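# Secondary and tertiary structure notes
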Amino acid sequence: MNGYRQQLDQLRAARNFRAIPADSVGSDLVDLSGNDYLGIAADGALKAEFFNSLGGEMPALSASASRLLAADQAEFSKLESLLADLYRRPVLLFNSGYHANSGSIAALAKGRTLIVADKLVHASIIDGMMLSKADFERFRHNDVNHLRRILAKRAGDYERVLIVCESVYSMDGDFAPLAEIAASKTANSLLYVDEAHAFGVSGRDGLGLAVDMPEVDVIIGTLGKAAGSVGAFAAVRSNDLRDYLVNTARSLIFSTALPPINCAWSRFVIERIPSMTDRREQLCLLAAELARILRRPEPSHIQPLITGSSESALELSARLSRGGFKVLPIRTPTVPPGTERLRFSLSASLTLSQLQPLETLLYS
């Protein structure tokens, strides 16, 4: 136990010790740390409409088994069918974005595979890479020329290459050059795009930036952010790929499946997301105002303010809290040393007037 305590002491000394924050629901703080981009999770009227729509027939509160063993498959199948119709490709549900990425990448990279991933991909993708035990290289963030040089040098030595990126990056809120990345594919490449922070927000009908890109072989969407629910999905190029994941993705095979009631709620929400144009427009207005306040060149629903150290991130977070804003610090190892920051994350449920006091708090 002394070794664990020593590591905790080192984290405290470096100001990188983490603790689960206190419940802030019902507080007067303006929450700029969550991922409820469309305001769905906070929408009590929508929740009431969902429960009224059930007509007294409540879906099960637990699947009680893994997807391959669960007796009740109806809600899973309905949700997958809805998503398959929207994406025009087969879909497989996972319990979370972490399960989807770690399980799918570990499965797809079996055999003589090279993984080439953007330097800033999420930890769940990195863990999938490590679990696969495949060779991998990282290309500089959004640097397509670097990606092409790696592919030119190494792709021919492998049976397949798995190119991995996100469409919207969770810590910087910037967008991947998906068209250029897709154009860089070699004959033996698969393109895997994580749309966790784009689903619901960006692209046609809020379905992400890769929805109309046939060059993308695997699209990962998560339901616990803009959709205000829980779970994730993989929309894949072919039925063979879906069947392959069903048979090889350990995070699917060996996890108790999502509660059916959550799948019913996800379906209820996703049926409405394409028509939530007004919420996406509000989010764009908020992003433009936040970019003005933070003095950033490009608006996004995620925007960082780099402080450069854990101590300064903690201090600024505390100052904003005293001023009425919840903006939690992001520290090492989530981001590299020297890029510690506050991550501002917007929700369509906010108003422009709620953001305005930020300017005085940050610069006075």
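Our subject is the structure listed above.
Below: a short report on this structure. Not measured: the values here are computed from a predicted model.

Our focus in this paragraph is the sheet that holds strand E11 (residues 329-330). On the basis of which strands lie adjacent, the open sheet formed by three strands has the order E9-E12-E11 and antiparallel pairing. The sheet terminates laterally at strand E9 (302-306) and E11, the two strands that pair on one side only. For E11 and strand E12 (residues 341-345), the ladder comprises two bridges, and the chain directions are antiparallel. In the strand pairing of E12, Pro329 is matched with Leu342. Contacts from helix H11 (residues 277-294) reach E9 and E12, with the element oriented near 10° to E9.

What follows concerns the packing of aromatic side chains. Applying the stated criterion across every chain yields a total of six aromatic pairs. Ring centres of Phe199 and Phe233 lie 5.4 Å apart, and the angle between their planes is 75°; this geometry places the pair in the edge-to-face category. Of the two residues, Phe199 sits in the loop between strand E6 (189-194) and strand E7 (218-222) while Phe233 sits in strand E8 (residues 232-236), which places them 34 residues apart along the sequence. The class for Phe199 is buried, based on a relative accessible area of 1%. Look at Phe233 and you get buried, because its relative accessible area is 0%. Taken together, the ring pairs connect Phe50, Phe51, Trp265 and Phe268 into an aromatic cluster. For Arg272, the ring lying beneath its charged end belongs to Phe268, and the centroid distance is 3.6 Å.

Another point: a nonpolar patch on the surface. A contiguous nonpolar surface patch, about 340 Å² in accessible area, is contributed by Phe51, Met58 and Leu61. In this structure, Met58 sits in the loop between helix H2 (44-53) and helix H3 (74-87).

Turning our attention to the pattern of salt bridges. Applying the stated rule across the entire model yields 20 salt bridges. Measuring nitrogen to oxygen at the nearest pair gives 2.9 Å for the salt bridge that ties Arg67 to Glu80. Here Arg67, found in the loop between H2 and H3, pairs with Glu80, found in helix H3; they are 13 residues apart in sequence, far enough to count as distant. Accessibility classification places Arg67 together with Glu80 in one group, the buried group. The salt bridge partner of Arg140 is Asp143, with a shortest N-O separation of 3.3 Å. Classification of Asp143 by relative accessible area gives partly exposed; the value is 21%. Here the salt bridges share partners, and the residues they tie into one network are Glu49, Glu75, Arg267, Glu271 and Arg272.

Along E9, four of the five residues are buried, which leaves the element largely enclosed by surrounding structure. With five bridges joining them, E9 and E12 adopt antiparallel strand pairing. In the strand pairing of E12, Ile302 is matched with Ser345.

Next up on the list: the nonpolar core. Among the nonpolar cores identified, the biggest contains 108 residues, and Leu32, Tyr87, Leu320 and Phe344 are the most heavily contacted of them. It is helix H10 (residues 260-270) that provides the largest number of residues to this core, a total of seven residues. In contact with Tyr87, not counting residues within four places along its chain, are Phe199, Leu207, Val211, Ile219, Phe233 and Ala235.

Looking now at the packing of helix H4 (residues 97-108) against helix H8 (residues 239-248). For any two helices packed against each other, the geometry is given by the interaxial angle and the distance between the axes. Orientation of H4 relative to H8, taken along the N-to-C sense of each, is 105°, at an axis distance of 10 Å. The pairing of H4 with H8 is recorded here as roughly perpendicular in orientation. Here H4 contributes Ser104, Ala107 and Leu108 to the contact with H8, which in turn contributes Leu241, Tyr244, Leu245 and Thr248. Residue composition of the contact of H4 with H8, by class: five nonpolar, two polar and no charged.

Pro333 follows Thr332 through a cis peptide bond whose omega is 10°. Here Pro333 shows up in the loop between E11 and E12. Backbone geometry at Arg88 places phi at a positive 55°, although glycine is not the residue there. Positive phi outside glycine occurs at Asp205, with the angle close to 55°. Relative to the helices and strands, Asp205 resides in the loop between E6 and E7. Residue classification places Asp205 among the partly exposed residues on the basis of a relative accessible area of 34%.

Calculation notes
- Residues numbered from 1 in each chain as written.
- Predicted model: local features only at pLDDT ≥ 70, side-chain atom pairs only at ≥ 80, totals over all residues.
- Heavy atoms only, no water.
- Pairing = 2+ DSSP bridges.
- Helix = DSSP H or I, 4+ residues; strand = E, 2+ residues; numbered from the N terminus.
- Contact = heavy atoms within 4.5 Å.
- Axes fitted to C-alpha atoms, helices over the stretch in contact; angles between N-to-C directions.
- Phe/Tyr/Trp six-rings, centres within 6.5 Å; stacked < 30°, edge-to-face > 60°.
- Buried < 20%, exposed > 50% of the residue type's maximum accessible area, 1.4 Å probe, protein only.
- Lys NZ or Arg CZ within 6 Å of the ring centre and 35° of its normal.
- Patch = residues over 30% accessible without salt bridge, like charges linked within 9 Å, V, L, I, M, F, W, Y side chains within 5 Å.
- Areas by Shrake-Rupley, 256 points an atom, 1.4 Å probe, with all protein chains shown as cover.
- Salt bridge = Lys/Arg side-chain N within 4 Å of Asp/Glu carboxyl O.
- Core = buried A, V, L, I, M, F, W, Y, C linked by side-chain atoms within 4.5 Å.
- Parallel < 35°, antiparallel > 145°, perpendicular 65-115°, else oblique.
- Nonpolar A, V, L, I, M, F, W, Y, C, P; charged D, E, K, R; others polar.

These results come straight from atomic positions and should not be treated as a statement about function.
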